[in-house]
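# Inside the fold
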Amino acid sequence: MSRTPWLLLIPLLTACYSAELDPAIEGVFTCEISDADAPDQDCPGDLVCDGRVCVSEVPTITIVSPEDIDFGQSFTDPANVSIRFSGTGLTLGTDEDDPTEGFVRVTMDGQSVDISSGTLSGGITVSQLEVSPDPGGHRISAQAFRADGTPFTNESALATRLFWIDDGNPHVAITQPWPGQEFDLETPLVDFEVAVLNFELSVSDTEPEEGFGHVHVYYDSEFPFPQCAGDMECDEAYIAVVAPSPGEGDLRITDTAAALPLSPEATATITAVLRQNDHAPFSKAAEGEDLDLVTDEVTINRVASDDE
């Protein structure tokens, strides 16, 4: 008689095990996005990975304004800049026990605000951030977070946008990498993308032509610019040339791929410098005046890979 209860438990255990493997049950399967080309490989069926568990829908954030223009929407008056975003797959709220609730962190030029109320699908205007009047490129990002402060890691949970304050002068802005982006120490091949305003990107190694040129990219240069441009060894230590390929014509945004130098775990500064077609520094200064270079920089993070 003592064996009977064990026999009765066998089908119960089997049924429980079967239910846990039902691919229709959202949130049962844990997942990790280790491959950007196959972010949902850990999830069965039509479920997708939100960076932690398999769900039927992941948060998707879209920046509605400024507008999505290839090289960035430009404004002459910062008062005309309206920051607005929308999204799906997330309910704005602060209940940490509800996995469907969270907030969106909107950042611009070092400022940030967390939006935890409103209706994402209808669009939300952000008025808490002050638009700087400084001429040149400005960056906006909107990132979805869980209510407990954990960021969603699916690609669509982050939206970025570049816009310009236009004073009529040439400007350059780095659009890839984005500030704060992380890269393994194993010197991965990185896409460097730049956009320009009141300037045209053209093929390098040609005769100088006013208003045309390309970009040199530097990694943690020995001296800041413009000092680096006055030191030949520093100035020639660029890691990438960003310019259109022959036949592409003149562009206002383009990219190239290059390897990052070996590095310990640390932050690093990526600097973009406008150059003339013959690689000489492009300067806004009049002849005989000190160099007035056109540059931009972002800070990235070098981190150890998860398998180290």
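Residues numbered from 1 in each chain as written. Predicted model: local features only at pLDDT ≥ 70, side-chain atom pairs only at ≥ 80, totals over all residues. Heavy atoms only, no water.

### Side note on the pattern of salt bridges
Applying the stated criterion across every chain yields a total of five salt bridges. Salt-bridge contacts for R105 lead to D114; the nearest nitrogen and oxygen are separated by 2.7 Å. D235 serves as the salt-bridge partner of R275, at 2.8 Å between the closest nitrogen and oxygen. Of the two residues, R275 sits in strand β19 (residues 266-276) while D235 sits in helix α2 (residues 232-235), which places them 40 residues apart along the sequence. Each member of the pair, R275 together with D235, is buried. (Salt bridge = Lys/Arg side-chain N within 4 Å of Asp/Glu carboxyl O. Helix = DSSP H or I, 4+ residues; strand = E, 2+ residues; numbered from the N terminus. Buried < 20%, exposed > 50% of the residue type's maximum accessible area, 1.4 Å probe, protein only.)

### Notes on the sheet that holds strand β14 (residues 189-197)
Ordered in space as β12-β14-β18, the three strands form an open sheet in which the pairing is antiparallel. The open sheet terminates on both sides in strands that have one partner only, identified here as β12 (171-176) and β18 (253-259). Taking the axes of each pair of neighbouring strands and ignoring which way they run, one obtains an average angle of 30 degrees across the sheet. As defined by bridge partners, β14 adjoins β18 across seven bridges and the pair is classed as antiparallel. Within β18, the position partnered with F192 by the bridge is T256. (Pairing = 2+ DSSP bridges. Axes fitted to C-alpha atoms, helices over the stretch in contact; angles between N-to-C directions.)

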